[in-house]
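Chain residues, written in single-letter form:
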Amino acid sequence: MARILVTGGTGYIGSHTTVELMQQGYDVTIVDNLSNSSIDVLDGIAAITGRKPEFANIDCGNFVDLDNVFNTYHDIVGVIHFAASKAVGESVEKPLLYYRNNIGSLITLLEVMKRHQVQNIVFSSSCTVYGQPDSEHLPVDETAPIQPALSPYGNTKQINEEIIRDEAHTDKDLHATILRYFNPIGAHPSAQIGELPNGVPQNLLPFVTQTAAGLRPELKVFGNDYNTPDGSCIRDYIYVVDLAKAHVKAIDRMLHAADREQVEVFNLGTGNGLSVLELIHDFEEATGVKIPYTIVGRREGDIEQVWAAPKKANEVLGWKADTPIREVLASAWKWEKRIRHIQ
Ligand code: NAD
Ligand code: WQD
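What you see is a predicted model, and the numbers here were worked out from it, not measured in a lab.

Topic: the side chain of Ser15
Position of Ser15 among the secondary structure elements: in helix H1 (residues 12-23). Apart from residues lying up to four places away in sequence, Ser15 is in contact with Gly9, Thr10, Val41, Ile45 and Ile193.

Written as structure tokens, this is what we have:
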């Protein structure tokens, strides 16, 4: 069977994608420098799939180490490139770290892939490239304009998309699928793998589950005076397992569809916008746990509302994110309880 190289595969989305790839019969080699994940994730993956993926603890920016991985595994037919630094606030504080890591890794990876004639890459991009779309572009499809990035992190996604396009323009053998994720949430239903934020969570759902677990006294809701029905911001929260399955579809398509274009872009979301207050309410309904919260001022740089038009992914990839939100929220709580040893 074909082997997929998953960079950043012990991370949040990479680990869930590795599980789905293995369950569909792919062999997987993970490369990860464990800068934002733990080696124990491999045990979680094995507990679900019955076997451990191959693993190399290396930095994707290191040409020699990456080259060795391709020398070791001659059957790699495609790469899913998750490895990146992803904290928006930190990227404002340490822009050079973000540009070096996120851009250097992709360049090195493309160089090594070319050397080994591996011609398929799936790249993790983000809805952040759209900024705040005009009302005429909501929900957002793939033709909506890219807007100036609001952070160095967001800029690395835009630059990386351009690097891929430029390289594909000159190397007609290179095929790329750019996946723009909306807001991934939740954990594997087994609670063997999930999201492990470092320090105080910046993202909404990990803060909610940590508040539910008693680690945080209360959630701060950043603003209720936006131009939305309840005044809080709206996002498209997508279940990480649904998102992971989209990667398997993308790989299947790269390997088997004759009609594919050289570079394809897909928005991965549910197509439904949910407000912060609605998410809190749904979490309480799904788990029976009350979330203490207060409304505070807006968070700088926040987008008011954005959600996906996932029609292209639905039709071309034959994929749909359809797990009910309460099931998704319950999965996040099950995971939080497991890692905090709560009954
Ligand atoms: P994550 O931090 O959990 O996973 C990323 C993994 O990459 C980590 O395990 C980390 O150790 C590893 N890594 C980082 N730099 C590396 C390097 N130079 N060499 C080797 N390994 C390296 O993040 P995630 O949430 O799973 O995100 C995966 C990808 O999806 C990232 O590219 C991220 O920017 C993108 N993305 C994430 C979200 C989100 O909200 N989680 C949304 C849109 C896009
Ligand atoms: C969601 C909503 C907050 C925390 C970020 C990145 C983006 C993308 C996904 C990668 C917002 C509100 C949050 C809290 C709150 N990642 N909130 N209290 O802002 O959509 O995007 O992650 O590409 O690039 O910027 O996600 O989870 O941080 O926030 O009220 O304690 O929850 O204001 O409306 P966001 P988020």
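So, the site of ligand 1
Of all residues adjacent to ligand 1, which total 28 residues, the nearest are Asp32, Asn36, Ser37, Asn101 and Tyr153. Between ligand 1 and Asp59, the relevant distance is 3.1 Å, taken from a nitrogen atom to a side-chain nitrogen or oxygen of the residue. Within the backbone of Phe82, an N or O atom sits 2.8 Å from an oxygen atom of ligand 1. Within the complex, the protein chains bury 95% of what would otherwise be the 820 Å² of accessible surface of ligand 1. Of all the elements in the fold, those that place two or more residues in the shell around ligand 1 are H1, helix H5 (95-115), strand E5 (120-126) and helix H6 (152-170). Ranked by the residues each element gives to the shell around ligand 1, the list is headed by E5, at three residues.

Some remarks on the site of ligand 2
The full set close to ligand 2 counts 18 residues, and Ser126, Tyr153, Lys220, Arg235 and Asp302 are the nearest of them. Residue Gln202 places a main-chain N or O atom 3.4 Å away from an oxygen atom belonging to ligand 2. Within the backbone of Phe222, one N or O atom sits 2.9 Å away from an oxygen atom of ligand 2. Across the complex, the protein chains shield 87% of the 690 Å² of accessible surface that ligand 2 would expose by itself. In terms of residues, the shell around ligand 2 owes the most to one element, strand E8 (residues 219-222), which gives four residues. Residue classes in the shell around ligand 2 are distributed as nine nonpolar, five polar and four charged. When residues of the shell around ligand 2 are sorted by domain, at least three fall in each of domain 1 (3-185 + 237-268) and domain 2 (204-234 + 271-340).

Brief notes about the sheet that holds strand E11 (residues 263-268)
Taking strand neighbours across the sheet as the criterion, the seven strands line up as E3-E2-E1-E4-E5-E6-E11 in an open arrangement whose pairing is parallel. With partners counted over all chains shown, the strands left at the sheet margins are strand E3 (54-56) and E11, one partner each. This sheet shows a mean twist of 20 degrees between the axes of neighbouring strands, independent of strand direction. Bridge analysis of strand E2 (residues 27-31) against E3 gives three bridges, and the strand direction is parallel. Bridge pairing in E3 places Val31 opposite Ala56.

Notes on the packing of helix H7 (residues 204-212) against helix H9 (residues 276-287)
Between H7 and H9, the least distance of the axes is 11 Å, while the angle of their chain directions is 40 degrees. In terms of orientation, H7 and H9 fall into the oblique class. Crossing hand, H7 versus H9: right-handed. For the pair formed by H7 and H9, the contact residues are Leu204, Leu205, Val208, Thr209 and Ala212 on the first element and Val276, Leu279 and Phe283 on the second. Per-class residue counts for the contact of H7 with H9 are seven nonpolar, one polar and no charged.

A few points about the pattern of salt bridges
If the charged atoms of two oppositely charged side chains come close together, the side chains can form a pair. Counted by the stated rule, this structure contains 20 salt bridges. For Arg298, the salt bridge identified is with Asp225, shortest N-O distance 3.0 Å. On the criterion of sequence distance, the pair formed by Arg298 in the loop between strand E13 (293-296) and helix H10 (311-317) and Asp225 in the loop between E8 and strand E9 (234-235) is long-range, its members being 73 residues apart. Each member of the salt-bridge network shares a partner with another, and the members are Arg253, Asp259, Arg260 and Glu264.

A closer look at the packing of H1 against helix H8 (residues 240-256)
A pair of packed helices can be characterised by two numbers: the angle between their axes and the separation between those axes. Remark: H1 packs on H8, axes separated minimally by 8 Å, with the N-to-C direction vectors making an angle of 60 degrees. By the angle between their directions, the pair H1 and H8 is classed as oblique. Between H1 and H8 lies a crossing whose hand is right-handed. On H8, the residues touching Tyr12, Ile13, His16, Thr17, Glu20 and Leu21 of H1 are Val240, Val241, Leu243, Ala244, Lys245, His247 and Val248. Grouping the amino acids of the contact of H1 with H8 by side-chain chemistry returns eight nonpolar, three polar and two charged.

Each value, and the rule that gives it
Residue numbers here run from 1 along each chain, matching the order of that chain's written sequence. Each chain takes a letter, starting from A, and each ligand takes a number, starting from 1, following the order in which they are written. For a predicted model such as this one, the threshold for reporting local features is a pLDDT of at least 70, and the threshold for listing and counting side-chain atom pairs is 80 or more; totals across whole chains, interfaces and linings nevertheless cover every residue. The side-chain figures draw on all heavy atoms in the structure; neither hydrogens nor water molecules are used. Strands are runs of DSSP state E lasting at least two residues, helices are runs of H or I lasting at least four, and both sets are numbered from the N terminus onward. Any pair of residues with heavy atoms lying within 4.5 Å of one another is described as a contacting pair. We call a residue near a given molecule or strand whenever any one of its heavy atoms falls within 4 Å of it. Polar contacts, as counted here, are pairs of nitrogen or oxygen atoms within 3.5 Å of one another; within protein the pair requires one atom able to donate a hydrogen and one able to accept it, and residues that are adjacent in sequence qualify only if both atoms are side-chain atoms. Using the Shrake-Rupley algorithm and a 1.4 Å probe, accessible areas are obtained, with residue cover drawn only from the displayed protein chains. Under the scheme applied, nonpolar residues are Ala, Val, Leu, Ile, Met, Phe, Trp, Tyr, Cys and Pro; charged residues are Asp, Glu, Lys and Arg; polar residues are all the others, including Gly. The source of the domain bounds is an automatic or database domain assignment. The criterion for strand pairing is that DSSP finds at least two bridges linking the strands in question. Note on method: axes are straight lines fitted to C-alpha atoms, helices fitted across the in-contact stretch only, with angles between N-to-C directions ranging 0 to 180 degrees. Note on angle classes: values under 35 degrees are labelled roughly parallel, values over 145 roughly antiparallel, values of 65 to 115 roughly perpendicular, and the remainder oblique. In this scheme, a crossing is called left-handed if the near helix is turned counterclockwise away from the far one by less than a right angle; it is called right-handed if the turn is clockwise. We define a salt bridge as a contact between a side-chain nitrogen of Lys or Arg and a carboxyl oxygen of Asp or Glu at a distance within 4 Å.

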